[in-house]
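Per-entry structural report
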Amino acid sequence: MTDSKYFTTNKKGEIFELKAELNNEKKEKRKEAVKKVIAAMTVGKDVRYTFSDVSCTQDCEDPNPLIRALAVRTMGCIRVDKITEYLCEPLRKCLKDEDPYVRKTAAVCVAKLHDINAQMVEDQGFLDSLRDLIADSNPMVVANAVAALSEISESHPNSNLLDLNPQNINKLLTALNECTEWGQTFILDCLSNYNPKDEREAQSICERVTPRLSHANSAVVLSAVKVLMKFLELLPKDSDYYNTLLKKLSPPLVTLLSGEPEVQYVALRNINLIVQKRPEILKQEIKVFFVKYNDPIYVKLEKLDIMIRLASQANIAQVLAELKEYATEVDVDFVRKAVRAIGRCAIKVEQSAERCVSTLLDLIQTKVNYVVQEAIVVIRDIFRKYPNKYESIIATLCENLDSLDEPDARAAMIWIVGEYAERIDNADELLESFLEGFHDESTQVQLTLLTAIVKLFLKKPSETQELVQQVLSLATQDSDNPDLRDRGYIYWRLLSTDPVTAKEVVLSEKPLISEETDLIEPTLLDELICHIGSLASVYHKPPSAFVEGSHGIHRKHLPVQHSSIDTGESPVSGGPAAAMDQPHVIPSQGDLLGDLLNLDLGPPVNVPQVSSMQMGAVDLLGGGLDSLLGGDLGGGVGGSPAVGQNFIPSSVPNTFAPSPTPAPPATSSGLNDLFELSTGMAITTGGYAVPKAVWLPAVKAKGLEISGTFSRRQGHMYMDMTFTNKALQHMTDFAIQFNKNSFGVIPTSPLPVHTPLMPNQSIEISLPLNTIGPVMKMDPLNNLQVAVKNSIDVFYFSVLIPLNVFFVEDGKMERQVFLATWKDIPNENELQYQIKDCHLNADTVSGKLQNNNIYTIAKRNVEGQDMLYQSLKLTNGIWILAELRIQPGNPNYTLSLKCRAPEVSQYVYQMYDSVLKN
């Protein structure tokens, strides 16, 4: 017998036996086989080939629909990438199963599978299958398909996976009436993302959604409110249906406040947003927000906030009576908020101011320390709102001076004494008493005290000279706080150089404060309205502020009335934005002669030698480029060249040349030179300039190498270049010419190369530019095509101009103009970007951007997040509005840009990124 017997066997192997047992008809045998597989896995044996026999894939064929649904649900929970391919076929069958329960379960499984392997789901056509399920006859299948597609679309923010159109919307509305409460929530959330094509369609959808307001589930109610709040934007405010809808929104919101405290709190946070957007919805329901004795503190504080927002002349008597009652409660935080609310009522409803002041005086007489201090803080605000009206109560306030121990209250009292020093006989004594412990005070009190004593000195100079010297010395010489020190130096300089100007500055009329200061910023409010019923509406923050690891940012907006777009009318026509100059429109490149680099130059043109002193108005490109660029190039600066423009001769008028830099002032010593005030000039710092790069390598230009960059200095643009001669012969007769470009950039003067450029020699050139040349839209927008000529040949190259050189110095908008313009620009023009890995605080960011003519209009802190609102203006008159969100500790900033020409936004973003990282 040969040895071959050792290599032959009748045994099929352990895996084969296991597969046979797993497919045995007897249930006990199959059960035993599964245990063997688990045991083999436990000891590390490879049993992957039994997966198709042991898994739930077989159960997908079971005659019982509950078993089939359970099998597909289990498959979706196996989060192992390597086995997902085994799930495709069973899942495909279940998506087309005859039983709706199996189909609805399979729809959710697609979303789970997409989270594991998105590419496979798309390749296998499961997304198309989900879209088909939107037309399913069973409402729960429709709801689950919508839920799955919505979840998948979050990872594809710019895709239109749901394909919302009038036909699909009608199918969703039909399913809405018959599916479960959570199915209704999914469908309503989906409807809120749809933009109806006109007012009629919006009203039709609202009519079919309105019955959901009476649902027992609060999530359904809030989702329905969200849809209606969004679509109200599209309905004319003078229509009967609009007013009817407002009335229908009130009862369901009130009903939500009868639930558990936690539900009440969520409802109140959402109502707070709704009241800020449309206070008329609940204006008759203010009593609902009166606080109950057994309300938790978090509910009490929310009710109090909403109560103030709804306060009006009609109900102010009831509100004040309630607030006075609250001010006698035992909860200190609630009492403080109630006292503060009385002050807010005085500022909001002018007719109630006197009654509010009287109520505050009654509370001061109680001598309860924290009540007195909070009352003084709000009285300070009332004085700011109504100057020269209630100053008779100052004597009463001064009686409580010794009891003030909180920084806010001490600062408020000091401000009152300084502001009305001429009416208080012993104002100097009162302020001097605060000065005794100056270094122990908080920064807020120190700054207020410094300003108050300077005011006192300007009103009573002969009596308080020693006092003002003392406080200035404490602030500048003995303090480590830079803010306090800087303010002290500024006051010192003002008082020592020009007391009259100091009086105009320090005692200038203050702007009146308004109750609107605590409202959520309008664009953020609109975004939060789109998230009613979600965590964003409870936190009062957009999802991007607290959701980590999101695949993309998809910012929601309220829809815009179509009439304002179709007719071309501005929603704020006649407002500040309407008065602004409209930006120039960049013409399209169209069929105009394009790229200089593609021109067939032919043989070089013989150019007569012209010395730099004899240039005059001669075209230094010798006519060779003229004919190539389209014939007559026009004459001088005022011409209208066909494509390029004439080289500007040395006799160019001074109008187009940058003004010379003034000589620095003579140096002197002492405090007078601290801020260069003696010259009347501030020290300006230059903006960001991209490092020089090689634009034209020597191998392409017969030995001439050109490297360069662009910069903006003292309001003028420059093209900073280095010419290097790497050839064996000298070069003369340099000239430069630009093709038409998006911003009309042309040289202001000739190339300042007055001597021959010798071999291996380099020369630095700073060529001034302006933007009065011919315009043609380029791609990319900041592309500039350049021709440089010398005694050897004409050379062509293309460069990208960093957009910040086009940011002009008068790009700071007024706040009201900014707000009106932001609203006026269509929402679809808003683009959002992420600036990553930036570790600067908001003040540093604002300073760096201002050096580059990006101006901060306003800064707000919303629950720990700094929000900078900024504007900039391009040389062609186009305005760009920006919102920059900075979360302390988070190196990633969110930048939102709004512009009437959105094609410039990506270039502005690039400059933000470059400026902040350099």
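The name an unreviewed UniProt entry gives the protein chain is AP complex subunit beta, with Astatotilapia calliptera as the organism. Its UniProt record gives the protein chain the following Sequence similarities (unreviewed entry) comment, quoted word for word: "Belongs to the adaptor complexes large subunit family." You can read under Subcellular location (unreviewed entry) in the UniProt record for the protein chain the words "Endomembrane system".

A few words on the overall build of the protein chain. Helix and strand counts for the protein chain come out as 35 helices and 13 strands. Within the protein chain, buried positions represent 49% of all 918 residues. For the protein chain, restricting intrachain contacts to residue pairs at least 6 apart in sequence, the fraction spanning at least 24 positions comes to 67%. When the accessible area of the protein chain is evaluated, it comes to approximately 44500 Å², of which 51% is carbon and sulfur surface.

This part covers the sheet that holds strand S13 (residues 893-899). A sheet is described by the order of its strands in space; here five strands give the open sequence S9-S13-S12-S11-S10, paired in antiparallel fashion. The two strands at the open ends of the sheet, each matched to only one other strand, are strand S9 (831-835) and strand S10 (855-862). Neighbour to neighbour, the strand axes of the sheet diverge by 20° on average, direction disregarded. Both strand S11 (residues 865-873) and strand S12 (residues 879-886) contribute to a ladder of eight bridges, which runs antiparallel. Bridged to Leu868 within S12 is Leu884.

Right, let's talk about the packing of aromatic side chains for a bit. Counted according to the given criterion, the structure contains 13 aromatic pairs. Between Tyr265 and Tyr298 the ring centres are 5.5 Å apart and the planes differ by 90°, which places this aromatic pair in the edge-to-face class. Taken together, the residues span a long stretch of sequence, with Tyr265 in helix H15 (residues 261-277) and Tyr298 in helix H16 (residues 297-310) at a distance of 33 residues. According to the relative accessible area criterion, Tyr265 is partly exposed, its value standing at 23%. Aromatic side chains Phe723 and Phe734 sit 5.5 Å apart centroid to centroid with 50° between the ring planes, which places their arrangement in the tilted category. Of this pair, Phe723 sits in strand S3 (residues 716-725) while Phe734 sits in the loop between S3 and strand S4 (735-738), and the two are 11 residues apart along the sequence. The burial state of Phe723 is the same as that of Phe734; both residues are buried. Over the face of the ring belonging to Tyr718 we find Arg713, whose NZ or CZ atom lies 4.1 Å from the ring centre.

Note: strands within a sheet are paired through backbone hydrogen bonds, in either parallel or antiparallel orientation. The three strands are arranged S4-S7-S8 in an open sheet whose pairing can be described as antiparallel. Each edge of the open sheet is held by one strand with a lone partner, namely S4 and strand S8 (794-800). The average angle at which neighbouring strand axes cross in this sheet is 25°, direction not considered. Relative to S8, strand S7 (residues 783-789) is paired through seven bridges, and the arrangement is antiparallel. Along S8, the bridge assignment pairs Gln785 with Ser798.

Residue pairs three or four apart in sequence face the same way in an α-helix, which turns once every 3.6 residues. Listing the buried residues of helix H34 (residues 842-850) in full gives Ala842, Val845, Ser846 and Leu849. Around the axis of H34, the buried residues are gathered within 100° of arc, so they sit on the same side. For H34, the secondary structure elements touched by its buried residues are S10, S11, S12, S13 and helix H35 (905-916). Two or three places before Asp843, at the opening of H34, Asn841 has a side-chain oxygen 3.2 Å from that residue's backbone nitrogen.

What follows deals with a positive patch on the surface. Together, Lys27, Arg30, Lys31 and Lys35 give the surface a local cluster of positive charge. Mapped onto the elements, Lys35 comes out in helix H2 (residues 27-42). Look at Lys35 and you get partly exposed, because its relative accessible area is 48%.

All right, on to the packing of H15 against H16 then. Across the interface, H15 lies against H16 with an axial gap of 10 Å and an inter-helix angle of 20°. With respect to their mutual orientation, H15 and H16 come out roughly parallel. Judged by the twist between their axes, the crossing of H15 over H16 is left-handed. For the pair H15 and H16, contact is made by Pro261, Glu262, Gln264, Tyr265, Leu268, Arg269, Ile271, Asn272, Val275 and Gln276 and by Tyr298, Val299, Glu302, Lys303, Asp305, Ile306, Arg309 and Leu310, respectively. Per-class residue counts for the contact of H15 with H16 are nine nonpolar, three polar and six charged.

So, about the nonpolar core. Where a protein is soluble and globular, its nonpolar side chains tend to be buried together. Grouped together as the largest cluster of nonpolar side chains are 189 residues, with contacts concentrated most on Leu172, Leu323 and Phe383. With 10 residues, helix H24 (residues 443-459) is the largest single contributor of residues to this core. Once residues lying within four places of it in the same chain are set aside, the contact partners of Leu323 are Leu304, Met307, Ile308, Ala338, Ala341, Ile342 and Cys345. With 63 residues, the next largest nonpolar core counts Val788, Ile886, Val904 and Leu916 among its residues.

Here we take up the side chain of Ser711. Among the secondary structure elements, Ser711 is positioned in strand S2 (residues 704-713). Given a relative accessible area of 5%, Ser711 falls into the buried group. Side-chain polar atoms of Ser711 contact the side chain of Asp720, separated by 2.8 Å. Not counting chain neighbours up to four residues away, the residues in contact with Ser711 comprise Ala689, His716, Met717, Tyr718, Asp720 and Val805.

In the structure shown here, the tally under the stated rule is 34 salt bridges. Of the charged contacts, one joins Arg68 and Asp97 as a salt bridge, the two residues approaching to 2.8 Å between their closest N and O atoms. On the criterion of sequence distance, the pair formed by Arg68 in helix H4 (residues 65-77) and Asp97 in the loop between helix H5 (84-95) and helix H6 (100-116) is long-range, its members being 29 residues apart. Summarising the burial analysis for this pair, Arg68 and Asp97 share the class buried.

What follows concerns unusual backbone geometry. Cis geometry marks the peptide bond from Asp779 to Pro780; its omega dihedral reads 0°. In this structure, Pro780 sits in the loop between strand S6 (762-770) and S7. At His540, a residue that is not glycine, the phi angle is positive and equals roughly 60°. If you trace the backbone, His540 turns up in the loop between helix H29 (535-539) and helix H30 (562-566). The phi angle at Gln714 is positive, at roughly 50°, despite the residue not being glycine.

Moving on, we come to H16. Here H16 contains 14 residues, and its C-alpha end-to-end distance of 20 Å stays within 8% of the 20 Å for a straight helix at 1.5 Å per residue. For H16, a buried count of 11 out of 14 residues is recorded, marking the element as mostly surrounded by other parts of the structure. Where H16 is concerned, the buried positions are Val299, Lys300, Glu302, Lys303, Leu304, Asp305, Ile306, Met307, Ile308, Arg309 and Leu310. Each element contacted by the buried residues of H16 is listed here: H15, helix H17 (316-326) and helix H18 (332-348).

Here we come to the packing of helix H13 (residues 218-231) against H15. It is at 12 Å that the axes of H13 and H15 come closest, and there the two elements cross at 10°. When the axis of H13 is compared with that of H15, the two are roughly parallel. Residues Ser218, Leu222, Val225 and Met229 of H13 pack against Val263, Val266, Asn270, Ile274 and Lys277 of H15.

The grouping of Glu429, Glu432, Glu436 and Glu466 at the surface amounts to a negative patch. Among the structural elements, Glu466 can be located in helix H25 (residues 461-476). The class of Glu466 is exposed, set by a relative accessible area of 66%.

On to the side chain of Ser223, then. For Ser223, the position within the fold is in helix H13. Owing to a relative accessible area of 4%, Ser223 belongs among the buried residues under this scheme. In terms of polar contacts, Ser223 uses its side chain to reach the side chain of Asp189, at 3.3 Å. Not counting residues within four places of it along the chain, the set of residues in contact with Ser223 comprises Thr185, Leu188 and Asp189.

Relative to the elements of secondary structure, Ile364 occurs in helix H19 (residues 353-365). Look at Ile364 and you get buried, because its relative accessible area is 1%. Sequence spacing of Ile364 and Glu374 is 10 residues, and the spatial spacing of their C-alpha atoms is 9.3 Å. The residues contacting Ile364, other than those within four sequence positions of it, are Val372, Ala375, Ile379, Leu397 and Asn400.

The rules behind these values
- Residue numbers restart at each chain and count upward from 1, following the sequence in its written direction.
- In keeping with the model being predicted, local features are shown solely for residues with a pLDDT of at least 70 and side-chain atom pairs are shown and tallied solely at 80 or more, while totals for entire chains, interfaces and linings include all residues.
- Each side-chain value is worked out from all heavy atoms of the structure, with water and hydrogens disregarded.
- UniProt positions are given in the numbering used here, feature names are shortened, and annotations may be inferred rather than shown by experiment.
- Strands are runs of DSSP state E lasting at least two residues, helices are runs of H or I lasting at least four, and both sets are numbered from the N terminus onward.
- For each residue, the accessible area found with a 1.4 Å probe, counting protein chains only, is set against the maximum for its type, and the residue is called buried under 20%, exposed over 50%, and partly exposed in between.
- Contact between two residues is taken to exist if any of their heavy atoms lie within 4.5 Å; hydrogens are not considered.
- Only the protein chains shown count as cover for residues, and all accessible areas are computed by the Shrake-Rupley method using a 1.4 Å probe.
- In short, DSSP must find at least two bridges between two strands for them to pair.
- Here an angle of 0 to 180 degrees is reported between the N-to-C directions of two axes, which are lines fitted to C-alpha atoms, with helices fitted over the stretch in contact.
- Ring pairs shown here join Phe, Tyr and Trp side chains whose ring centres sit within 6.5 Å, with only the six-membered ring taken for Trp; geometry is labelled stacked below 30 degrees between planes, edge-to-face above 60, and tilted in between.
- Whether a charge lies above a ring is judged from NZ of Lys or CZ of Arg, which has to be within 6 Å of the ring centre and within 35 degrees of the ring normal.
- Directions from the helix axis toward the C-beta atoms define the arc.
- Any pair of nitrogen or oxygen atoms within 3.5 Å is treated as a polar contact; in protein, a donor-acceptor pairing is required on top of that, and neighbouring residues in sequence qualify only through side-chain atoms on both sides.
- Residues qualify for a patch when their relative accessible area is over 30% and they have no salt bridge, like charges being joined within 9 Å and the nonpolar side chains of Val, Leu, Ile, Met, Phe, Trp and Tyr within 5 Å.
- Salt bridges are defined by distance alone: a side-chain nitrogen of Lys or Arg within 4 Å of a carboxyl oxygen of Asp or Glu.
- Note on charges: Lys and Arg go in the positive column, Asp and Glu in the negative column, and His and the chain ends are not counted at all.
- Where a charge sits is defined by one atom per residue type, namely NZ (Lys), CZ (Arg), CG (Asp) or CD (Glu).
- In what follows, roughly perpendicular refers to angles from 65 to 115 degrees, roughly parallel to angles under 35, roughly antiparallel to angles over 145, and oblique to any angle outside these ranges.
- Definitions for this section: a left-handed crossing has its near helix turned counterclockwise from the far helix by less than a right angle. A right-handed crossing has that turn clockwise.
- Gly falls in the polar group here, along with every residue not listed as nonpolar (Ala, Val, Leu, Ile, Met, Phe, Trp, Tyr, Cys, Pro) or charged (Asp, Glu, Lys, Arg).
- Residues belong to one nonpolar core when they are buried, are Ala, Val, Leu, Ile, Met, Phe, Trp, Tyr or Cys, and are joined through side-chain atoms within 4.5 Å.
- In this scheme, a helix's expected span is set at 1.5 Å multiplied by one less than its residue total.

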